[in-house]
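Fold and geometry: a report
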Amino acid sequence: MVSTSTQIAGFLFDNCLMNAAGVACMTKEELAEVKDSAAGTFVTKTATLEFRQGNPEPRYQDVPLGSINSMGLPNNGLDYYLDYLLELQESEPNRTFFLSLVGMSPEETHTILKKVQASDFKGITELNLSCPNVPGKPQIAYDFETTEKILSEVFAYFKKPLGIKLPPYFDIVHFDQAAEIFNKYPLKFVNCVNSIGNGLYIEDESVVIRPKNGFGGIGGQYIKPTALANVHAFYQRLKPEIQIIGTGGVLTGRDAFEHILCGASMVQVGTTLHKEGVVAFERITAELKTIMEEKGYESLEDFRGKLKYIEG
Ligand code: RRO
């Protein structure tokens, strides 16, 4: 019997696949659809303190090898997601869900996290340090000084399970510097990676999304090698208490297998979920199980992080 079950922060999940924040998670209805699919759990759209309309449409476009988006952090506000999660804690007490959040400023991030800390929420919190699409706001985790300041302040009061969503890094020195910071804190996980920020997709003579003259975050097939590199780089560098969630370029069971081989304990699906709907979870899970059966693996532990190198 092959199992794709996993655990994050000590919580068990019957499947290692889930949505990536931003896809199928804006409304309770979308979240319920993921919850009731073959996915192991869900994460909410990144919540800010208040409702946000986001950027003007069109702001998300599926393209042959992936997607481009400049949503601009549209969301229903913290209370909308927190209320739903508190409801689910009553109706589905044996399951654990993820709340994604970030403030529009460090002060707002602290206000939000203090509200979550003071609430009855018993799930897992993901702090999004990597939104590429709010005009005038840089991706926080590309600024190591600000990142370290936020983390040091957060862990002074936040005592619930917390992980961070990271942008892709592209330099070995940046992997070293980022890991050195993360290892100082009681993070439960890092999630690698958010979209590759500020790409440009052109059809005929025009961009395909309205905000920022067409610049947007790239997801899908384009980004798998970058995602795998980030998963593995942090798997090699982080203390074992910090788990890795792998996100980026997961179209098939083979892609999920590669993320786990690089060290991922959970695998998120974004662009493919947007293109295919929640049936993608069943298909990718079946494909992953077939690969595991062929290789004689019964659980993710049998191959997690066991990427082979070419010696000599
Ligand atoms: O809403 C967005 O534009 C967005 C966010 Br917050 C994010 O973290 N990643 C992304 O690709 N889009």
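Scroll up a little and you will see the structure.
The sections below set out a description of the structure shown in this document. None of the values given here were measured: they were computed from a predicted structure.

What counts and how
- Residues numbered from 1 in each chain as written.
- Predicted model: local features only at pLDDT ≥ 70, side-chain atom pairs only at ≥ 80, totals over all residues.
- Heavy atoms only, no water.
- Disulfide = S-S within 2.5 Å.
- Buried < 20%, exposed > 50% of the residue type's maximum accessible area, 1.4 Å probe, protein only.
- Near = heavy atom within 4 Å.
- Polar contact = N/O pair within 3.5 Å; in protein donor to acceptor, adjacent residues only side chain to side chain.
- Areas by Shrake-Rupley, 256 points an atom, 1.4 Å probe, with all protein chains shown as cover.
- 1 Å grid on protein atoms, 1.4 Å probe; cavity = no way out; pocket = protein on both sides within 12 Å on 5 of 7 lines; lining within 4 Å.
- Sits in = over half its atoms within 2 Å of the grid points.
- Nonpolar A, V, L, I, M, F, W, Y, C, P; charged D, E, K, R; others polar.
- Pairing = 2+ DSSP bridges.
- Helix = DSSP H or I, 4+ residues; strand = E, 2+ residues; numbered from the N terminus.
- Axes fitted to C-alpha atoms, helices over the stretch in contact; angles between N-to-C directions.
- Core = buried A, V, L, I, M, F, W, Y, C linked by side-chain atoms within 4.5 Å.
- Contact = heavy atoms within 4.5 Å.
- Salt bridge = Lys/Arg side-chain N within 4 Å of Asp/Glu carboxyl O.

This part covers the state of the cysteines. If you walk through the whole model with that rule in mind, you get zero disulfides. With no disulfide partner, Cys25 has as its closest neighbouring cysteine sulfur the one in Cys131, 13 Å distant. Using a relative accessible area of 1% as the deciding quantity, one classes Cys25 as buried. Looking at Cys192, it has no disulfide partner, and the nearest cysteine sulfur is the one in Cys262, 11 Å off.

Residues in close proximity to the ligand include Lys45, Asn69, Met71, Gly72, Leu73, Pro74, Asn128, Cys131, Pro132, Asn133, Asn194 and Ser195, which together make up its full environment. Within the contact set of the ligand, an oxygen atom lies 2.7 Å away from a side-chain nitrogen or oxygen of Ser195. For the ligand, whose accessible area on its own is 320 Å², the fraction buried by protein is 93%. Its atoms largely coinciding with the cavity grid, the ligand occupies the largest cavity. Residues that form the shell around the ligand fall into these classes: five nonpolar, six polar and one charged.

The next subject is the sheet that holds strand S15 (residues 266–269). Here we have seven strands laid out as an open sheet, ordered S3-S15-S14-S9-S8-S7-S6, and parallel in their pairing. With one partner strand each, in any of the chains shown, strand S3 (17–19) and strand S6 (98–101) form the two edges of the open sheet. Adjacent strand axes in the sheet meet at a mean angle of 25 degrees when their direction is disregarded.

A few words on the nonpolar core. Within soluble globular proteins, side chains that are nonpolar tend to cluster in buried spots. Among the nonpolar cores identified, the biggest contains 87 residues, and Leu99, Ile164, Leu166, Tyr169, Phe182, Val190 and Phe234 are the most heavily contacted of them. Among residues more than four places away in sequence, those in contact with Ile164 are Leu127, Leu129, Leu151, Phe182, Leu187, Phe189, Val190 and Asn191. Counting residues in each nonpolar core, the second largest holds nine residues, with Phe13, Met18, Phe189 and Ile245 among its members.

Here the focus is the pattern of salt bridges. The final tally for this structure, using the stated rule, is 14 salt bridges. Across the salt bridge formed by Arg95 and Glu92, the nearest N and O atoms sit 3.9 Å from each other. Residue Arg95 is classed as partly exposed on the basis of its relative accessible area, which comes to 25%. Among the ionic pairs, Arg237 bridges to Asp176, the shortest N-O distance being 2.6 Å. You can see Arg237 sitting in helix H6 (residues 224–237) and its partner Asp176 sitting in helix H5 (residues 172–182), a full 61 residues away along the chain. The exposure class of Arg237 is partly exposed, given its relative accessible area of 24%. One continuous salt-bridge network, built from bridges that share partners, spans Lys35, Asp36, Glu92 and Arg95.

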